[in-house]
Amino acid sequence: MTGNLTGEAHRPGRIEVVCGSMFSGKTEELIRRMRRAKFAKQRVEIFKPAIDTRYSDGNVVSHDRHSIQCTPIDSSAQILLLASDIDVAGIDEAQFFDDGLVDVCNQLAYRGIRVIIAGLDMDFRGVPFGPMPALCAIADDVTKVHAICVRCGNLAYVSHRTVQNDKRVLLGETQEYEPLCRECYQRAMEEEKARKTALATNP
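If you're wondering where the values come from, they're calculated on a predicted model, not measured in any experiment. (Residues numbered from 1 in each chain as written. Predicted model: local features only at pLDDT ≥ 70, side-chain atom pairs only at ≥ 80, totals over all residues. Heavy atoms only, no water.)

## Describing the pairing of strand β9 (residues 158–161)
Rule in force here: Buried, partly exposed and exposed residues are distinguished by accessible area as a fraction of the type maximum, computed with a 1.4 Å probe on protein chains only: under 20%, between the cut-offs, and over 50%, respectively. Where helices and strands are cited, they refer to DSSP runs of H or I of at least four residues and of E of at least two residues respectively, numbered from the N terminus. Strands pair, by our definition, only if DSSP identifies at least two bridges between them.
Here β9 shows two buried faces, one formed by Val-158 and His-160 and the other by Ser-159 and Arg-161. Relative to strand β10 (residues 177–180), β9 runs antiparallel, the two being bridged by four bridges. Looking at β10, one finds that Ser-159 is bridged to Pro-179.

## Description of helix α3 (residues 101–110)
Rules: In this context, the arc is that of the directions from the helix axis out to the C-beta atoms. Contacts are assigned to residue pairs that have any heavy atoms within 4.5 Å of one another.
All of the buried residues along α3 are Leu-101, Val-102, Val-104, Cys-105, Leu-108 and Ala-109. Across the axial projection of α3, the buried residues extend over an arc of 165 degrees, all falling on one side. Considering only its buried residues, α3 is in contact with β1 (14–20), α2 (77–82), β6 (88–91), β7 (114–120) and α4 (132–138). A positive backbone phi angle near 95 degrees is found at Gly-112, which sits one or two residues after α3.

## A few points about the environment of Leu-101
With respect to the helices and strands, the residue Leu-101 is situated in helix α3. The buried category is assigned to Leu-101, whose relative accessible area is 0%. A sequence separation of 25 residues divides Leu-101 from Ser-76, and the C-alpha atoms of the two residues are 5.1 Å apart.

## Structural notes on the side chain of Asp-121
Convention followed: Think of a polar contact as two N or O atoms within 3.5 Å of one another; within protein, one of them needs to be a possible hydrogen donor and the other a possible acceptor, and neighboring residues in sequence only count if both atoms come from side chains.
Relative to the assigned elements, Asp-121 resides in the loop between β7 and α4. At 2.7 Å, the side chain of Asp-121 and the side chain of Lys-144 are in polar contact. Other than its neighbours up to four places away in sequence, Asp-121 contacts Cys-19, Gly-20, Ser-21, Val-127, Pro-128, Phe-129, Met-132 and Lys-144.

Below is the structure:
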């Protein structure tokens with residue numbers, strides 16, 4: 001395909017990563033790019049982890065409730081089986097996939113497929129999350145988007161978990177997470193540490 005309705009020619013294979021904290025608009029941007037590709041009459045397919053059923057089983061849905069039909073999968077290897085006849089592959093919540101996703105995305109790009117990935121770059125502890133750091137490293141383009149810190153209004157740095165649960169993977173929304181800037185996140189960690197110390201000394 002050399003031309004289309006938007007004037008955006010079919011590009012050679014490439015990898016685009018959209019990353020940031022929760023509530024930063026990652027999925028919204030993924031949906032926007034995928035819809036643009038569909039409007040350009042490109043063949044598209046979007047994938048998400050089957051464990052993510054927060055809003056819908058068969059759709060990728062942003063926190064603003066915008067949605068696009070998708071294919072839920074259990075492992076990154078399935079993408080290669082399902083992406084044989086497409087121009088653009090979208091992957092949402094990439095942090096939940098296995099590390100094999102990095103090789104899968106490279107293979108797709110070398111096949112001439114445009115790969116658009118959205119995911120959390122860090123978990124609730126501020127630690128790089130799953131395959132996202134490696135995906136950012138091999139990407140042709142990385143877009144870091146930001147939520148707004150709910151405590152001070154600055155750009156958010158990390159997704160702070162507001163419930164007592166140490167599991168790394170905990171699907172949630174505003175009841176379980178809040179976007180915080182670096183300073184407010186550090187203050188929240190100090191408050192939690194003080195609270196735990198107080199509970200330990202005064203059971």
